[in-house]
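# Examination of the molecular architecture
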Amino acid sequence: DIQVTQSPSSLSASVGDRVTITCRASQSISTFLNWYHQEPGKAPKLLIYSASTLQSGVPSRFSGTGSGTDFTLTISGLQPEDFGTYYCQQSSTTLWTFGQGTKVEVK
Amino acid sequence: QVQLVESGGGVVQPGRSLRLSCAASGFTFSNYGIHWVRQAPGKGLQWVAVSWTDGSTRYYADSVKGRFIVSRDNSKNTLYLQMDLLRADDTAVYYCARVGGNFLAFDFWGQGTLVTVSS
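Overview of the structure.

## Section: the overall build of chain B
- Scanning chain B from terminus to terminus reveals zero helices and 11 strands.
- Referenced to the eigenvectors of the C-alpha coordinate spread, the extents of chain B come out at roughly 40 × 30 × 25 Å.
- Expressed as a percentage of the 119 residues in chain B, the buried residues total 49%.
- Of the roughly 5,400 Å² of accessible surface on chain B, 47% is carried by carbon and sulfur atoms.
- Here chain B contributes 11 positive and 8 negative side-chain charges, whose respective centroids are spaced 3 Å apart.

## Side note on the pattern of salt bridges
- Applying the stated criterion to the full structure yields eight salt bridges over all chains.
- A salt bridge links D89 of chain B to R87 of chain B; its shortest N-O distance comes to 3.2 Å.
- Connected through salt bridges with shared partners, the residues R61, E81 and D82 of chain A form a single ionic network.

## Looking at the state of the cysteines
All names here are of chain A.
- A full pass over the atoms with the stated rule returns two disulfides over all chains.
- Between the sulfur atoms of C23 and its disulfide mate C88 the distance is 2.2 Å. Across the S-S bond linking C23 and C88, the dihedral sits near 70 degrees, which makes this disulfide right-handed. Of the two residues, C23 is situated in strand β3 (residues 18–25) and C88 in strand β9 (residues 84–90); the sequence distance between them amounts to 65 residues.

## Focus: the nonpolar core
- In terms of nonpolar packing, the biggest core is built from 45 residues, with W36 and F106 of chain B touching the most fellow members.
- It is strand β9 (residues 92–99) of chain B that contributes the most residues to this core, six residues altogether.
- Listed in part, the 24 residues of the second largest apolar core include A51, V58, F71 and V104 of chain A.

## A short note on the sheet that holds strand β8 (residues 70–76) of chain A
Residues and elements named next belong to chain A.
- Pairing is antiparallel across the open sheet formed by four strands, whose spatial order is β1-β3-β8-β7. Each end of this open sheet is capped by a strand with a single partner; those strands are β1 (4–7) and β7 (62–67). Sheet twist, expressed as the average angle between the axes of neighbouring strands with direction ignored, equals 15 degrees.
- Note that β7 and β8 share six bridges and pair antiparallel. Within the sheet, the bridge partner assigned to S67 lies in β8 and is D70.

Conventions used here
Residues numbered from 1 in each chain as written. Chains lettered and ligands numbered in written order. Predicted model: local features only at pLDDT ≥ 70, side-chain atom pairs only at ≥ 80, totals over all residues. Heavy atoms only, no water. Helix = DSSP H or I, 4+ residues; strand = E, 2+ residues; numbered from the N terminus. Buried < 20%, exposed > 50% of the residue type's maximum accessible area, 1.4 Å probe, protein only. Areas by Shrake-Rupley, 256 points an atom, 1.4 Å probe, with all protein chains shown as cover. Lys, Arg positive; Asp, Glu negative; His and termini not counted. Charge placed at Lys NZ, Arg CZ, Asp CG, Glu CD. Salt bridge = Lys/Arg side-chain N within 4 Å of Asp/Glu carboxyl O. Disulfide = S-S within 2.5 Å. Core = buried A, V, L, I, M, F, W, Y, C linked by side-chain atoms within 4.5 Å. Pairing = 2+ DSSP bridges. Axes fitted to C-alpha atoms, helices over the stretch in contact; angles between N-to-C directions.

This is the structure:
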């Protein structure tokens, strides 16, 4: 199975900060990499699919880059509603996998 | 609007069985792959299983293979997860999630149903 590893596992940031989260796959997954945001007690919400395509309705402060094994999610100007946990997820193979998550907390 | 509603969760003893349902509405169910994803208390997301459109193509995570079966009834717009030989580490909120029509990601999720395996 393809493993995906996120870093950092947690970070503290302030409103307005630029935040970067990385995801590394154990083998090349082309651009079959997606990003989700989850608030406590809620289902995850899709932010970016195919590594860099913004899901409809998602603010443009979110962006994604990468291909192969290394990927990045960037939030340009963190907003109060952006706190929570972010997950990457690969859909390159028949068995999909998630990263372990990055918790973004208030500094 | 697209809706996915899970049901069937509850408390069950180790070694017993449970069947979850995911009722879909607001879209043509038979045209979409639907997955099960779970989240143990305080933990991250774990992919569990998928049933692609006609129901004959199904895949499972290693941790549930041989114990769980995913199926779908396109006439009832419903996905199922039959869970047998349940273990304590199967305790989690179980979500069903739809794969986007033109991309391989989960564009809609249900609210989840909690399964607790405990004696």
